[in-house]
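# Understanding the architecture of this molecule
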Amino acid sequence: MKAENEQRTGLLYGFGAYGMWGLVPLFWPLLKPSGAVEILAHRMVWSLAVVGMALLAMRRWGWIRELLSQPRKLGLTALAASVISVNWGLYIWAVNNGAVVEASLGYFINPLVTIAIGVLVLGERLRRAQWAAVGIGLAAVLVLAIGYGRPPWISLVLAFSFAAYGLIKKKLNMGGVESLAAETVLLFLPALGYLLWLGAQGRSSFATEGLGHSALLAATGLVTAIPLVCFGAAAIRVPLSTLGLLQYMAPLFQFGLGVLYFHEAMPAERWAGFSLVWAALAVLTWDALRTARQSRARLEAARTAAPVTAPAHEPA
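First things first, this report covers the structure right here in the doc. (Residues numbered from 1 in each chain as written. Predicted model: local features only at pLDDT ≥ 70, side-chain atom pairs only at ≥ 80, totals over all residues. Heavy atoms only, no water.)

## Focus on the nonpolar core
- Val101, Phe255, Phe274 and Val277 are the most contacted members of the largest nonpolar core, which totals 26 residues.
- When contributions to this core are tallied by element, the ones reaching two or more residues are α5 (100–120), α6 (128–148), α7 (153–172), α12 (249–261) and α13 (268–305).
- When residues of this core are assigned to their parent elements, the largest contribution, eight residues, is made by α5.
- When near neighbours in sequence (up to four residues on either side) are disregarded, Val277 contacts Leu105, Phe108, Ile109 and Ala140.
- Residues Trp88, Ile168, Met174 and Leu187 belong to the second largest nonpolar core, which totals 24 residues. (Core = buried A, V, L, I, M, F, W, Y, C linked by side-chain atoms within 4.5 Å. Buried < 20%, exposed > 50% of the residue type's maximum accessible area, 1.4 Å probe, protein only. Helix = DSSP H or I, 4+ residues; strand = E, 2+ residues; numbered from the N terminus. Contact = heavy atoms within 4.5 Å.)

## Description of the packing of helix α2 (residues 36–58) against helix α4 (residues 71–96)
- α4 packs onto α2 with a crossing angle of 135 degrees between their chain directions and a minimal axis gap of 9 Å. Judged on the interaxial angle alone, α4 and α2 are oblique. Classified by chirality, the crossing of α4 by α2 is right-handed. When α2 is examined against α4, the residues Ala36, Ile39, Leu40, Arg43 and Met44 are found in contact with a partner set consisting of Ser85, Trp88, Gly89, Ile92, Trp93 and Asn96. (Axes fitted to C-alpha atoms, helices over the stretch in contact; angles between N-to-C directions. Parallel < 35°, antiparallel > 145°, perpendicular 65-115°, else oblique. Left-handed = near helix turned anticlockwise from the far one by under 90°.)

## Digging into a nonpolar patch on the surface
- Taken together, Leu23, Leu26, Leu252, Phe253 and Tyr261 make up a surface patch of nonpolar side chains, about 470 Å² in accessible area.
- The biggest single contributor to the nonpolar patch is α12, with three residues.
- Within the secondary structure, Phe253 is located in helix α12. (Patch = residues over 30% accessible without salt bridge, like charges linked within 9 Å, V, L, I, M, F, W, Y side chains within 5 Å. Areas by Shrake-Rupley, 256 points an atom, 1.4 Å probe, with all protein chains shown as cover. Salt bridge = Lys/Arg side-chain N within 4 Å of Asp/Glu carboxyl O.)

## Some remarks on the environment of Pro25
- Tracing the backbone through its elements, the reader meets Pro25 in the loop between α1 (2–23) and α2.
- Its relative accessible area of 0% is what places Pro25 among the buried residues.
- Taking C-alpha positions, Pro25 is 17 Å from His42, a pair spaced 17 residues apart along the chain.
- Ignoring any residue separated from it by four or fewer positions in sequence, one finds Pro25 in contact with Tyr91, Val95, Val100, Gln254, Leu257 and Phe262.

## Thoughts on the side chain of His42
- Within the element layout of this structure, His42 appears in helix α2.
- Assessed through its relative accessible area of 4%, His42 is described here as buried.
- In contact with His42, not counting residues within four places along its chain, are Ser47, Leu195, Phe206, Leu217 and Thr220.

## Thoughts on the environment of Pro267
- Locating Pro267 in the fold gives a position in the loop between α12 and α13.
- It is 7.9 Å that separates the C-alpha atoms of Pro267 and Gly147, two residues lying 120 residues apart in sequence.

## So, the side chain of Ser47
- As for its position among the elements, Ser47 is in helix α2.
- For Ser47, a relative accessible area of 0% gives the class buried.
- At 3.4 Å, the side chain of Ser47 and the side chain of Thr224 are in polar contact.
- Those residues in contact with Ser47 that sit more than four places away from it in its chain are His42, Thr184, Thr220, Gly221 and Thr224. (Polar contact = N/O pair within 3.5 Å; in protein donor to acceptor, adjacent residues only side chain to side chain.)

## Some words on the packing of aromatic side chains
- Overall, the coordinates contain 16 aromatic pairs when judged by the stated rule.
- Ring geometry for Tyr18 against Trp21: centres 5.4 Å apart, planes inclined by 70 degrees, an arrangement best described as edge-to-face. Of the two residues, Tyr18 and Trp21 both sit in helix α1, three residues apart, roughly one turn of that helix.
- Plain terms: the ring middles of Tyr261 and Phe262 are 5.0 Å apart, the flat faces sit at 90 degrees to each other, and that makes the pair edge-to-face.
- Taking the relative accessible area as the measure of exposure, Phe262 reaches 26% and is therefore partly exposed.
- Among the aromatic residues, those joined into a ring-pair cluster are Phe108, Phe255, Trp271, Phe274 and Trp278. (Phe/Tyr/Trp six-rings, centres within 6.5 Å; stacked < 30°, edge-to-face > 60°.)

## Concerning the layout of surface pockets
- For the second largest pocket, the calculated volume is near 210 Å³.
- Together, Ile109, Leu112, Val113, Ala116, Ile117, Leu120, Val134, Gly137, Leu138, Val141, Leu156 and Phe160 line the second largest pocket.
- Among the secondary structure elements, those contributing two or more residues to the lining of the second largest pocket are α5, α6 and α7.
- Per element, the largest residue contribution to the lining of the second largest pocket is six residues, and it comes from α5.
- Across the lining of the second largest pocket, the residue classes break down as eleven nonpolar, one polar and no charged. (1 Å grid on protein atoms, 1.4 Å probe; cavity = no way out; pocket = protein on both sides within 12 Å on 5 of 7 lines; lining within 4 Å. Points joined across faces, edges and corners; volume = space filled by probe spheres on them. Nonpolar A, V, L, I, M, F, W, Y, C, P; charged D, E, K, R; others polar.)

Here you go:
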């Protein structure tokens, strides 16, 4: 019963995390007339404030000394911070410039890009179904490039930057709150310096658009941190296969908002391209579920076949 309650709680956290990420396109337009770079700088500054309070509450500080004593790990953290800042900044720009649908495509194809990076960088071997999914994904990008009249560069940069970020995080092997804190510490001074420069130039919107606007810019820290906290709570309670299925919620919500709320154009060739992407994800999901079932079956068979060791007799 306890395990079932934990899993149910984990699912709720997972729905919360991916639901918030899926609905975040509604938030960034509220920050206009701030530009994407100014919003990104505020996100970096206020995220550190939120994460700092979380660390104070949890009293987790030992990781700082460990990180500072390992230059390679510190360098990887700086690289992760740079990559995620590109991802965040481009996503904000895309939403505020009428490209929500193209941005959602980036997170649809992210699992396919992650697989490709696993092959090219980590030397992983793919199953036939995974190869088929990657092939369908490449065909989808080609169809969408024809439909857009150009490569879907927003989608590709978002997908590759987030996949690279995931690879770096895998090598770092740090906790979610700790790694976000380290990244935002490294980003804090450049971001704060940029905001101070904007203010000196009279181009900052923080103090000129009213208290409500200032509060919304400060809320970027919460918009960043709360879904990550929910994701971390879900990750320790539900299987990875379940999280893998939940991750499609966010781009699906974003796509729906782009079409139904922001009324972005979806001509036939874009529908065709998205349909191919969804077909590739369906193949990938089917293969992951089948592989998980086979692994459980083999484990169960091994347990059943294991000889039962008779208890040793006590000496007379």
